[in-house]
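Fold and contact review
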Amino acid sequence: MRLLLLAVVLLVGGQASALELKGPFTQGALITGKTSPGSKVLLDGIPLSTLPDGRFVFGLPRDAKPRALLSVRDKDGGVTQRTLKIRKRDYRIQRIDGLPKRKVTPKKRDYKRIARERNLLNAARHRVTQIADFKSGFIWPARGRISGVYGSQRILNGKPRAPHLGVDIAAPTGSPVFAASDGVVSLTHEGMFFTGKTVQIDHGLGVGTIYIHLSKVLVKEGQRVSKGALIGRIGKTGRATGPHLHWGLTWKTMRLDPSLLVGPMPKPAKKKR
């Protein structure tokens, strides 16, 4: 999907207030913005974290309403308001059979573990660090066939389950997984119930990416990584029928579509004869 860049300069009360927004205004998108340093930014009346240079981010959830109101008040009192028109998406229905029964309908004794692991993930996602590593841009973290897309309604072993909130990349076990952008590893785990071997990376201001079903984790919590750094290898741990990478994007705990940050999946390099 083509990235949209809006630059708005309004005169309010005699003051110039600049507002730049970048991203597709569609359900599931991450939007990055920049305004005058020292400004306060609100989305539908809720304050957003802003860096000293005026950078900020926000997400548009899977089922975002058709409109949202962004307001910016600069340090001199000037106010900029922008009504965002958000495109509605049509989501697929995906049926997956052959999953272990317990991974679709867990036993009672599994629920404490599932809740504990969910809390670990949410704690990492809730961190809003005052960095802007996301400005380095994003790349595909692995190469392979797209086997699952964001937003699709999942039917697992014939049972309706929550929508799929990430992108699946099918590739052989052991294939490399790279950091999609600069950041700091905020969580690693060697075996969660649903996600298996897992890596979460913090890119700043609540933006995070997650890499799950890995066969190997090759980084540690607190480690700084650069875009394109090797962080793990593809596997089929957790709830999976075959080797693939589930790549997810979050803004705080809001699950977004990482494919909107990158272009089409690159074609495999041709082998030299």
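Structure first, text after, so check above.
Procedures and definitions
- Counting restarts for each chain: residues are numbered from 1 in the order of the written sequence.
- For a predicted model such as this one, the threshold for reporting local features is a pLDDT of at least 70, and the threshold for listing and counting side-chain atom pairs is 80 or more; totals across whole chains, interfaces and linings nevertheless cover every residue.
- Only hydrogens and water are set aside; all other atoms, that is, all heavy atoms of the structure, feed into the side-chain values.
- Cavities and pockets are defined on a 1 Å grid built over the protein atoms alone: a cavity is a set of grid points where a 1.4 Å probe fits but cannot escape, while a pocket is an open set with protein on both sides within 12 Å along at least five of seven lines, and lining residues are those with an atom within 4 Å of any such point.
- Grid points are joined across faces, edges and corners, and a volume is the space filled by probe spheres set on the points.
- Secondary structure follows DSSP: runs of H or I at least 4 residues long count as helices, runs of E at least 2 residues long count as strands, and numbering of each begins at the N terminus.
- Think of it as three bins: nonpolar holds Ala, Val, Leu, Ile, Met, Phe, Trp, Tyr, Cys and Pro, charged holds Asp, Glu, Lys and Arg, and polar takes everything else, Gly as well.
- By salt bridge we mean one thing: a side-chain nitrogen of Lys or Arg within 4 Å of a carboxyl oxygen of Asp or Glu.
- Two strands pair under a simple rule: DSSP has to find at least two bridges between them.
- Only Phe, Tyr and Trp rings are paired, with Trp represented by its six-membered ring, and only when their centres lie within 6.5 Å; those with planes under 30 degrees apart are stacked, over 60 edge-to-face, the remainder tilted.
- Relative accessibility thresholds used throughout: buried, under 20% of the residue-type maximum; exposed, over 50%; partly exposed, between the two (1.4 Å probe, protein chains only).
- Each ring is checked for a lysine NZ or an arginine CZ that lies within 6 Å of its centre and within 35 degrees of its normal; such an atom marks a charge sitting over the ring.

We now examine the layout of surface pockets. Of the pockets and cavities examined, the largest pocket occupies roughly 1,100 Å³. Lining the largest pocket are 38 residues, and of these Phe194, Thr195, Ile212, Arg239 and Arg255 sit closest to its centre. Elements with a contribution of two residues or more to the lining of the largest pocket: β9 (93-96), α2 (111-126), β10 (145-148), β11 (153-156), β13 (167-170), β17 (207-217) and β20 (244-251). Top element by residues in the lining of the largest pocket is α2. It accounts for six residues. Class assignment of the residues belonging to the lining of the largest pocket gives a composition of 18 nonpolar, 11 polar and nine charged.

On to the pattern of salt bridges. Taken as a whole and assessed by the stated rule, the structure comprises six salt bridges. With a shortest N-O distance of 2.9 Å, Asp53 and Arg55 are connected by a salt bridge.

A few words now on the pairing of strand β19 (residues 230-234). Sheet topology note: the strand β14 (residues 176-178)/β19 ladder contains three bridges and is antiparallel. Note that in β19 the partner of Pro176 across the bridge is Arg233. Bridge count between β17 and β19: three bridges; the pairing is antiparallel. Note on β19: the bridge partner recorded for Val217 is Gly232.

This part covers the packing of aromatic side chains. A full pass over the atoms with the stated rule returns four aromatic pairs. Ring centres 6.4 Å apart and planes at 70° place the aromatic pair Tyr91 and Tyr150 in the edge-to-face group. Of this pair, Tyr91 sits in the loop between β8 (79-85) and β9 while Tyr150 sits in the loop between β10 and β11; the two residues are 59 residues apart in sequence, bridging distant segments of the chain. The class for Tyr91 is partly exposed, based on a relative accessible area of 21%. Classification of Tyr150 by relative accessible area gives buried; the value is 3%. Considering the side-chain rings of Trp140 and Trp247, the 5.7 Å spacing of their centres and the 55° angle between planes classify their relative orientation as tilted. Here Trp140 is found in the loop between α2 and β10, whereas its partner Trp247 is found in strand β20, with 107 residues between them in sequence. Look at Trp140 and you get buried, because its relative accessible area is 12%. On the basis of relative accessibility, which here comes to 0%, the residue Trp247 falls in the buried class. Positioned over the ring face of Tyr91 is Arg62, at 4.2 Å from the centre of the ring.

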